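# Geometric and topological summary
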Amino acid sequence: MGKGFFISKTVGIVGIVLGAGAVATIIALSVVYSQEKSKNKELEIKPTEATTTTTTTTTTGPTTTTIQSTTSASNEVWDKYRLPDTLIPESYDVTLWPRLKPDSTGLYIFTGNSTVVFKCVKETDLILIHSNKLNLTADTTLSALNGSPAPSITSMQTISKTQYLVFHLSEKLKAGEWYKLHTEFVGELADDLGGFYRSEYEVNGVKHVVATTQMQPTDARKAFPCFDEPAMKAVFNITLLHDPETIALSNGREIESVKVTEGGETLNKTRFESTERMSTYLLAFIVSDFKAIEKMEGEVLIRIFARKEAIDAGHGQYALNITGRILKFFENYYNASYPLSKSDQIALPDFNAGAMENWGLITYRETALLYDSEVSSNGNKERVTTIIAHELAHMWFGNLVTIKWWNDLWLNEGFASYVEYLGADNAEPDWNIKDLIVLYDVHRVFAVDALASSHPLSSREDEVLRPEQISEVFDAISYSKGASVLRMLSDFLTEAVFVKGLSSYLNHFKFENTVYTDLWDHLQQAVNATGTNLPAKISDIMDRWVLQMGFPVVTIDTATGKLTQSHFLLDPESVVDRPSPFNYEWIVPIQWMKTGAQQNIYWMMNKNTENNEMKVSGSDWLVANLNVSGYYRVNYDMGNWNNLLRLLLTSHESIAVINRAQIIDDAFNLARARIIQTTLALNTTVYLSKEREYMPWKSALDNLDYFYLMFDRTEIYGPLQAYIKQQVEPLFLYFKTITRNFTEVPAGHMDQYNEVNALRMACSSGVEECNTLVQKWFEEWRNNPSINPIHPNLRSTVYCQAIAAGGATEWDFAWAMFQSATIATEADKLRAAMACSTTPWILNRYLKYTLDPTKIRKQDATSTIIYVANNVVGQPLAWDFIRANWEYIYREYGGGSFSFANLINGVTKRFSTEFDLKQLEQFRNDNEHIGFGSGSMAIDQSIERTKANIKWLTQNKDEVEAWLKAAI
Ligand SMILES: *[C@@H]1O[C@H](CO)[C@@H](O)[C@H](O)[C@H]1NC(C)=O
Ligand SMILES: *[C@@H]1O[C@H](CO)[C@@H](O)[C@H](O)[C@H]1NC(C)=O
Ligand SMILES: *[C@@H]1O[C@H](CO)[C@@H](O)[C@H](O)[C@H]1NC(C)=O
Ligand SMILES: [Zn+2]
């Protein structure tokens with residue numbers, strides 16, 4: 001799917017250090033639906049109660065039996081979350097009619113019917129088909145395709161726990177025979193962001209309703225009864241009934257639209273071409289009054305749909321411009337042509353994930369697809385580019401070839417998260433965007449994967465069964481670690497060999513399902529065919545990275561040439577109780593350079609090895625993990641560390657930009673793990689007064705965020721601010737000069753980001769000139785709201801800073817601008833900035849707004865709470881708020897939403913005292929009966945993190961204070 005409720009890769013503008021804002025804007029990327037799966041919780045405890053009974057329907061006889069649910073602890077086939085291996089669908093014929101107006105009782109509904117043709121592969125007298133929250137409205141009929149009479153349906157059960165309809169038959173279905181099951185049903189078109197749901201928006205006070213879908217991972221069954229597992233691929237013939245004023249879209253191209261009369265209404269009946277063989281989770285049905293722009297790319301029709309106002313304002317143009325180019329790029333990269341006749345992309349006002357790769361009809365949040373050069377920042381543009389690339393990458397990897405089951409999700413999402421950089425680089429070659437994977441994925445996921453509570457990329461099939469377990473695998477490990485290890489693999493194989501194997505895999509398994517080892521097999525064939533030299537089989541190398549959690553820190557002693565590796569744990573005292581089949585030993589490809597000269601790759605095969613070439617003496621130096629292409633951290637002997645520090649101070653450009661960012665990030669994290677002194681980590685930031693590049697700065701600021709989190713409530717805050725001010729002032733002045741006092745935009749994409757860093761840090765550390773400047777800009781805007789004088793790149797920072805310095809007047813102005821914003825990216829900047837207020841009652845009021853969907857859309861509620869928690873003033877308020885409203889928040893967001901884990905992590909990340917820990921444990925105990933749903937892992941992580949923070953503070957406080965005071 002799109003991407004998780006991840007911390008935004010690109011909008012990392014508003015920072016902790018503003019005394020507000022997010023470390024990076026939280027955006028919705030991934031898993032969806034926050035609906036009420038959690039409500040089934042009680043039912044899960046007593047599974048039999050979940051079994052409701054309904055009247056049955058029969059094909060032949062008039063007899064209607066009702067099966068009473070048994071009360072014994074049942075172990076029936078319908079109590080299992082996986083479908084039995086008896087029936088395999090071949091194709092469906094689905095007609096749906098969503099009502100965009102409420103019925104007389106105020107309910108929005110859809111009606112529909114569906115026929116599924118399936119083959120019986122093992123005889124059975126049961127039909128299990130997924131269905132959730134659908135009411136059947138007519139008799140269900142079963143027939144045999146060979147013309148002979150089918151068994152009759154003797155009774156039917158609705159199993160809400162496992163979300164099945166179960167039909168009991170009078171006789172067995174025969175293996176090898178084909179059958180047809182027809183159902184008619186009604187469902188609610190709720191605003192729950194899952195299955196077939198509705199999204200609303202207003203134009204001049206008039207409400208418009210859109211019917212749309214989000215099926216992944218388990219909500220196709222909420223739209224029509226289906227065999228809702230990714231390996232149950234079938235052909236879908238879709239028909240939508242809709243108002244003639246609206247347009248209907250689905251995966252296939254529309255082939256016919258006729259006027260019909262249904263229930264006294266004149267409707268359009270739009271039929272779509274049959275889909276390719278595909279998984280249910282990739283289906284999409286949309287009825288809207290949207291408008292489109294389009295063009296042809298070769299034989300493929302490319303369309304961008306959005307609200308009419310957005311299209312008329314040209315906001316879809318950028319997406320339209322780059323889509324064809326990226327599609328072509330992936331066709332070449334995969335060596336496989338785009339499998340469909342059209343590629344639609346649509347921006348929805350309400351969408352929980354960032355985007356969803358429905359085959360041929362990709363759905364997006366507005367911020368992920370729409371771009372306006374007048375008001376969008378370069379970060380917004382980058383996000384549109386990379387998300388489009390991510391989703392288009394899935395059209396082959398994920399859609400054409402699909403994982404057999406959700407336990408292999410990491411392969412699907414990790415792959416798309418890696419190649420999105422390649423696709424985006426092709427669309428915007430000047431950005432150097434491929435480098436950014438190091439900051440956005442590798443470094444970020446290191447933070448999670450260094451915890452003892454992390455988990456391996458791969459899970460067993462039987463560990464991922466329930467819908468909320470499936471949702472939980474859409475996490476940073478799957479996306480970012482998946483991307484990191486696949487990039488490492490592509491790098492050590494070379495891209496040529498990697499794509500050779502990849503293309504063979506895609507062509508061999510097209511329209512089918514795979515497990516991740518199938519990819520290794522095809523890559524191995526490419527290795528064998530090209531005579532590529534590897535120290536072991538691909539599966540042997542990759543098993544170490546896929547089957548065990550975490551990653552190694554490799555220590556290179558340049559005095560002796562000895563190398564050692566150990567499992568890197570952020571808290572060295574944490575207990576790893578998860579066993580590893582490889583005893584936490586990795587096969588590590590080490591790319592390295594000695595005093596500027598790149599060396600051959602060195603394969604570290606064991607925990608202790610020796611390489612005499614890595615001996616270094618005098619002022620010579622060694623850097624390992626070039627380009628951070630490997631998924632590991634590096635430590636050195638003190639002699640080499642000192643040489644590197646000296647080099648940074650004298651000629652930092654001798655080390656590549658990415659590795660400068662790496663040295664800082666590794667040093668800070670090694671210090672966190674108490675492998676090196678915290679002062680050594682701080683020493684890597686001394687040279688920053690001369691650094692002008694974005695990546696090292698971003699790496700340092702991300703790490704210093706931790707210092708702000710730990711110290712912004714202590715007396716060390718002052719010296720910390722003074723040190724930052726001293727380091728950042730030269731950068732501020734540099735950008736002031738090259739932009740002629742911030743009136744021009746720096747040419748480079750990364751320079752534009754770094755300008756924002758300079759401004760943000762200068763203002764927040766108290767550079768007077770900076771504060772005067774941003775408040776003046778905001779004031780100008782407030783005095784003339786129709787002309788915003790602030791450059792889009794700088795808006796997040798300027799808004800946040802001005803609101804933090806201001807009071808109710810500034811906040812209320814921002815609120816008014818938020819409500820009238822015509823493009824979602826602008827609204828999002830304001831929404832984040834409003835959390836920067838330093839006035840408690842304003843923040844409390846803002847928190848309350850998150851409970852009111854007319855003020856803050858549901859999709860934005862959790863991220864807004866996190867923004868408030870990022871603010872040192874807002875943190876205790878947000879914590880009180882979620883404790884007070886836990887039941888509601890859990891009900892609304894706890895079921896399956898990935899954002900929920902972020903909420904827990906976000907609100908507790910400053911926790912660093914025994915008192916905080918007690919509160920957190922109390923919270924866990926108090927709410928055990930309500931539950932934590934998809935956030936249960938996050939609760940454990942938060943407790944572990946809090947304990948580590950407590951230790952860190954005790955050990956480092958004095959040392960850091962002394963170092964800072966000496967440095968200023
Ligand atoms: C769907 O359409 C295909 C192609 O027209 C047809 O072969 C198939 O039988 C249809 N499926 C159903 C269930 O009607
Ligand atoms: C499904 O519903 C549509 C719309 O009501 C109707 O036209 C069609 O005949 C139905 N299909 C079947 C097989 O009942
Ligand atoms: C389905 O049936 C239940 C129970 O009768 C009812 O509460 C619900 O409103 C129905 N749903 C729809 C969409 O008609
Ligand atoms: Zn994805």
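Owing to the predicted nature of the structure, the values given are computational and were not obtained by experimental measurement.

## Some words on the overall build of the protein chain
The number of helices and strands found in the protein chain is 29 helices and 32 strands. Against the 2.2 N^0.38 benchmark of 30 Å for 968 residues, the protein chain shows a C-alpha radius of gyration of 28 Å, consistent with a compact globule. A principal-axis box enclosing the C-alpha atoms of the protein chain has dimensions of 90 × 70 × 60 Å. Split into buried and exposed, the 968 residues of the protein chain put 64% on the buried side. Within the protein chain, residue pairs in contact and separated by at least 24 positions form 74% of the contacts whose partners lie at least 6 positions apart. Here the protein chain displays about 32,800 Å² of accessible surface, and carbon together with sulfur accounts for 49% of that area. Averaged over its 88 positive side-chain charges, the protein chain has a centre that lies 1 Å from the centre of its 114 negative ones.

## Regarding the UniProt feature "domain: Aminopeptidase N-like N-terminal" (unreviewed entry) in the protein chain
Mapped onto this numbering, the UniProt entry gives "domain: Aminopeptidase N-like N-terminal" (unreviewed entry) at residues 89-282. Structurally, residues 89-282 comprises 0% helix and 57% strand, and the distance from its first C-alpha atom to its last is 16 Å.

## Quick look at the packing of aromatic side chains
Enumeration according to the criterion identifies 63 aromatic pairs in this entry. When the centroid spacing of 6.3 Å and the interplanar angle of 55° are considered together, the rings of W811 and Y849 count as tilted. Linking W811 in helix α21 (residues 808-820) with Y849 in helix α23 (residues 840-849), this pair joins segments that are 38 residues apart in sequence. Residue W811 shares its accessibility class with Y849, and that shared class is buried. Connected via pairs of aromatic rings, a cluster forms that spans F329, F330, Y333, Y334, Y338, W396, F397, F415, Y418, F498, Y505 and F509. For R633, the ring lying beneath its charged end belongs to F568, and the centroid distance is 5.7 Å. Over the ring of Y734 we find R692, and its NZ or CZ is 5.3 Å from the ring centre.

## Side note on the site of ligand 1
Around ligand 1, the structure places S91, Y92, D93, T115, V117, N237 and S274. Here D93 contributes a side-chain N or O atom positioned 3.2 Å from an oxygen atom of ligand 1. The contact in question runs from an oxygen atom of ligand 1 to an N or O atom on the side chain of S274, over 3.4 Å. Protein coverage of the free-state accessible area of ligand 1, which is 360 Å², stands at 48%. Elements with a minimum of two residues in the shell around ligand 1: β2 (87-98) and β3 (109-120). With three residues, the single largest contributor to the shell around ligand 1 is β2. Per-class residue counts for the shell around ligand 1 are two nonpolar, four polar and one charged.

## A closer look at the site of ligand 2
Near ligand 2 the following residues occur: T95, N113, H182, E184, L241, E262 and K269. Contact distances for ligand 2 include 3.3 Å between an oxygen atom and a side-chain N or O atom of E262. The protein chains hide 52% of the 360 Å² of surface that ligand 2 would expose on its own. Its residues placed into classes, the shell around ligand 2 shows one nonpolar, three polar and three charged.

## What to know about the UniProt feature "site: Transition state stabilizer" (unreviewed entry) in the protein chain
UniProt records the feature "site: Transition state stabilizer" (unreviewed entry) at Y479, using the numbering of this structure. Note on placement: Y479 falls in helix α9 (residues 476-493). Judged by relative accessible area, which is 0%, Y479 ranks as buried.

About the criteria used
Residues numbered from 1 in each chain as written. Chains lettered and ligands numbered in written order. Predicted model: local features only at pLDDT ≥ 70, side-chain atom pairs only at ≥ 80, totals over all residues. Heavy atoms only, no water. Helix = DSSP H or I, 4+ residues; strand = E, 2+ residues; numbered from the N terminus. Rg over C-alpha atoms; globule rule 2.2 N^0.38 Å. Buried < 20%, exposed > 50% of the residue type's maximum accessible area, 1.4 Å probe, protein only. Contact = heavy atoms within 4.5 Å. Areas by Shrake-Rupley, 256 points an atom, 1.4 Å probe, with all protein chains shown as cover. Lys, Arg positive; Asp, Glu negative; His and termini not counted. Charge placed at Lys NZ, Arg CZ, Asp CG, Glu CD. UniProt positions renumbered as here; feature names shortened; annotations may be inferred. Phe/Tyr/Trp six-rings, centres within 6.5 Å; stacked < 30°, edge-to-face > 60°. Lys NZ or Arg CZ within 6 Å of the ring centre and 35° of its normal. Near = heavy atom within 4 Å. Polar contact = N/O pair within 3.5 Å; in protein donor to acceptor, adjacent residues only side chain to side chain. Nonpolar A, V, L, I, M, F, W, Y, C, P; charged D, E, K, R; others polar.

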